[in-house]
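These are the residues of each chain, in order.
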Amino acid sequence: MASPGEETVSVPHVGKKKKAPSRYWQEQQKEETKDGAVKGTTNPTAVDSGPKPPKQKKRKLKHEQNKNKKFLKHDQNKNKKLISGKSDPFPGKPRIPGDRLQKFKRKNKMKKPPRQHGKLRKLIVRSEEASDMAQKQAARFDLLLPEEAGFLEGDEGEDTCLISQEDIANAVDITSGAKHFNLKLSQFGPYRVDYNKTGRHLLIGGRRGHVACIDWQSKHLMCEINVMETVNDVKWLHSESMYAVAQKKWLYIYDSNGIELHCIRKFNDVLRMQFLPYHFLLATASATSFLQYLDVSVGKEVAAINTKTGRLDVMCQNPQNAIIHLGHPNGTVTLWSPNQKEALVKMLCHQGGVRSVAVDKTGTYMVTSGMDKKLKVYDLRAFKPLKSYFLPAGASCLSLSQKGLLSAATGDIVQVYRDVWSTPVTKPYMAHRVRGAVWGLHFCPFEDVLGVGHQDGFTSMLVPGAGEPNFDGLDANPFRSAKQRQEWEVKALLDKIQPELISLDPTELGHVDRATFQQKHEDRVKALGFDPLAKVKFIPRYKKKGRSSAGRVEKRKKQVAHEDQRDIIRKAMEDKRKTEEERNRKEQKKSLLSSQKSALDRFKK
């Protein structure tokens, strides 16, 4: 029994509450509070007995508190612990290397307008912020593309050009080894070759009428026909469902099942073809000296240009600006656009006739071969020759890969060269002999494969380092399904570029035509009788309470005039500073050179 003075305490079992398991952040807070209590920094029971601070001081205190909160948050993020209890060794966002940021740089920073144009200023700031964000995101996502092109490397003292295709096929894995094969088609050769944009499908056309399209990776034959007529060239159109065949008389369009869709009689005696994928244009060069453009999306002829240069059997396109390059028997190469009836550029490249032309994917370099047995590399930015090589038998066919490898066919030997425009080349990177004279060369996109069409059929060569390892899935996806192809086709047709926009310099579209603008402005001034863009004379607003006296009005006028003058003075000072810096730099350089002693100084009197 308990004594009467004591209270009975009943502890029921149901009322008991279990302690929640403590988390690491709660333990951290407890430790901090304990440390604070020991040191005397934080005391929640302490009451300020002093006088209350005035309102202004309160505001200052609040501002300081907010600042402290921000710093505390930053420190918490910095020392944030992981689930394991360890602190993050790399807090914050990962640093992006400067060279990678430079790779995705879009534009230089614009000069901000004065504060009077607030709306324009905000727009420029927003656009620059969006551009910076896009640049950083692209640089970060570049880490997801780790694939690199691997080149063939021989042992010490071994030439890579002596390594045979059979050795390479045996050394690589089974999938890559299966990409080297031969099609013996001696009955209908020689053959023209073309791979589609994704690099999945192969189209071959024999001189004697044999045409076949193949899914070359799975070795599935899609269709095979004999047109019973001479075939000059074959070319895939926008997708693997349609292709064009330049036959003896006219141009024909077939589908992937070999069914004839169109016979276009306006395009007669066609010898070579090129397809412009972003414009949906099929460009054809004929034996009658005509260069014609066919819009395959609507089936209409866009342009027909009489080049007046004779038979056109050498042709290629610049992938960067969609300009057509034609080679002629007099040794010249001409550049053409569907918007002009005359050649944009004429270049004298060889002393004999031009045999083949190729342009790299960046549109910077052009490689030509001629009857004078020379192989020349030109810089298309300045239209000047960079390198010239002598081939004993000359090159009849040229082709450039996505990574800049050059393949040149001389008779029945195919040679592949590396870094043709950057360093002088003394020997080929690879070489292979085929059966019969080569008639067509084409590198497969996104694969280390070179397709060779020759007298005895077709050969698929393995060329390590030729293809681009990282593909853009929205533009050319080698693994797309039929549904994805349909959707891509619709989007591509909506984004089709008009032929009027094809020009030698594609960046011209972003420039303002100042001469035309000035002419239009002058016409507008004549029609209106006054200049609508002229600056209106500043008239000060009338103010009451004696603020519009003559002196004050004059003062305000001078203030506005000074603001305009300041910009001019600032610009003049900036130019002056730059010229002075340049002069000082030159003087320093001169003094350094003069201070250096020469061996010839002892002969000075």
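By the naming in an unreviewed UniProt entry, the protein chain is WD repeat-containing protein 46, taken from Oryzias melastigma. What UniProt states about the protein chain under its Subcellular location (unreviewed entry) heading is, verbatim, "Nucleus, Nucleolus".

The secondary structure content of the protein chain amounts to nine helices and 28 strands. Here the protein chain, with 605 residues, has 36% of them falling under the buried criterion. If you take every contact in the protein chain between residues at least 6 apart in sequence, the share linking residues at least 24 apart comes to 45%. Carbon and sulfur atoms make up 53% of the accessible area of the protein chain, which amounts to about 41,000 Å² in all.

Looking now at the packing of aromatic side chains. Using the criterion set out here, one finds nine aromatic pairs in the structure. Judged by centre distance (5.8 Å) and plane angle (25°), the ring pair of Tyr-243 and Tyr-254 falls under stacked. Taken as a pair, Tyr-243 in strand β7 (residues 242–247) and Tyr-254 in strand β8 (residues 250–255) lie far apart in primary sequence, eleven residues in all. For the residue pair Tyr-243 and Tyr-254, the accessibility class agrees, reading buried in each case. Ring-pair connections join several aromatic residues into one group, and the members of that group are Trp-236, Tyr-243, Tyr-252 and Tyr-254. A cation over a ring is seen here: Arg-418 above Phe-151, with NZ or CZ 3.7 Å from the ring centre.

Before going further, it helps to examine the confidence of the model for the protein chain. On average, the protein chain scores 84 in pLDDT, and the residues at 70 or more come to 84%. Ignoring residues within four places in sequence, the model shows residues 1–11, a span with pLDDT below 50, making zero contacts including any to other chains.

Attention now moves to the nonpolar core. Core analysis: the biggest nonpolar cluster contains 33 residues, and Tyr-195, Leu-202, Leu-441, Leu-450, Val-452 and Val-463 have the highest contact counts within it. Taken together, the elements giving at least two residues each to this core come down to α5 (165–171), β2 (191–195), β3 (201–206), β4 (210–215), β24 (413–417), β26 (438–443), β27 (449–454) and β28 (457–462). When near neighbours in sequence (up to four residues on either side) are disregarded, Leu-202 contacts Val-193, Asp-194, Tyr-195, Ala-212, Cys-213, Ile-214, Trp-216, Trp-236 and Phe-458. Counting residues in each nonpolar core, the second largest holds 30 residues, with Val-314, Ala-322, Leu-335 and Cys-349 among its members.

Further remarks concern the sheet that holds strand β11 (residues 281–286). In space, the four strands of this open sheet follow the order β10-β11-β12-β13, with antiparallel pairing throughout. Two strands lie at the open edges of the sheet, namely β10 (270–276) and β13 (300–306), each paired on one side alone. Averaged over all pairs of adjacent strands, the angle between their axes in this sheet comes to 20°, without regard to strand direction. Note: β10 against β11, six bridges, orientation antiparallel. What sits directly across from Phe-275, in β11, is Leu-282.

The next point concerns the environment of Cys-161. Looking at where Cys-161 falls in the secondary structure, it is placed in the loop between α4 (118–141) and α5. When its relative accessible area of 17% is taken as the criterion, Cys-161 is described as buried. Sequence-distant contacts of Cys-161, defined by excluding residues within four places in its chain, comprise Pro-428, Tyr-429, Met-430 and Ala-431.

Turning next to a positive patch on the surface. Taken together, the side chains of Arg-541, Lys-545, Arg-547, Arg-552 and Lys-555 define a basic patch exposed on the protein surface. Looking at the secondary structure, you find Arg-541 in the loop between α8 (514–528) and α9 (550–595). Residue Arg-541 is classed as exposed on the basis of its relative accessible area, which comes to 63%.

The next point concerns unusual backbone geometry. Here the residue pair Gly-189 and Pro-190 is connected by a cis peptide bond, since its omega of -5° sits within 30 degrees of zero. Mapped onto the secondary structure, Pro-190 falls in the loop between β1 (181–184) and β2. The residue Lys-308 is not glycine, and still its phi comes out positive at about 60°. Mapped onto the elements, Lys-308 comes out in the loop between β13 and β14 (314–317). Of note, the phi angle at Phe-383 is positive, near 55°, even though the residue is not glycine. Among the structural elements, Phe-383 can be located in the loop between β20 (374–379) and β21 (384–390).

A few words on a negative patch on the surface. Among the surface-exposed residues, Asp-155, Glu-156, Glu-158, Glu-166 and Asp-167 lie close enough to one another that they form a single negatively charged patch. Within the secondary structure layout, Glu-156 lies in the loop between α4 and α5.

Right, let's get into α8. Compared with an ideal rise of 1.5 Å per residue, which puts 15 residues at 21 Å, α8 spans 21 Å between its outermost C-alpha atoms and is within 8% of the ideal. Of the residues one or two after α8, Gly-529 is the one with positive phi, at around 90°.

In this section: the sheet that holds β26. The strand order across the open sheet formed by four strands is β1-β28-β27-β26, and the pairing between neighbours is antiparallel. A single partner strand is all that each edge strand has here, and the edge strands are β1 and β26. The sheet shows a mean angle of 15° between the axes of neighbouring strands, taken without regard to direction. The sheet contact formed by β27 and β28 spans six bridges and is antiparallel. Across the sheet, residue His-454 finds its bridge partner in β28, namely Gly-457.

Cut-offs used in this document
- Residues numbered from 1 in each chain as written.
- Predicted model: local features only at pLDDT ≥ 70, side-chain atom pairs only at ≥ 80, totals over all residues.
- Heavy atoms only, no water.
- UniProt positions renumbered as here; feature names shortened; annotations may be inferred.
- Helix = DSSP H or I, 4+ residues; strand = E, 2+ residues; numbered from the N terminus.
- Buried < 20%, exposed > 50% of the residue type's maximum accessible area, 1.4 Å probe, protein only.
- Contact = heavy atoms within 4.5 Å.
- Areas by Shrake-Rupley, 256 points an atom, 1.4 Å probe, with all protein chains shown as cover.
- Phe/Tyr/Trp six-rings, centres within 6.5 Å; stacked < 30°, edge-to-face > 60°.
- Lys NZ or Arg CZ within 6 Å of the ring centre and 35° of its normal.
- pLDDT = per-residue confidence, 0-100.
- Core = buried A, V, L, I, M, F, W, Y, C linked by side-chain atoms within 4.5 Å.
- Pairing = 2+ DSSP bridges.
- Axes fitted to C-alpha atoms, helices over the stretch in contact; angles between N-to-C directions.
- Patch = residues over 30% accessible without salt bridge, like charges linked within 9 Å, V, L, I, M, F, W, Y side chains within 5 Å.
- Salt bridge = Lys/Arg side-chain N within 4 Å of Asp/Glu carboxyl O.
- Lys, Arg positive; Asp, Glu negative; His and termini not counted.
- Charge placed at Lys NZ, Arg CZ, Asp CG, Glu CD.
- Expected span 1.5 Å × (residues − 1).

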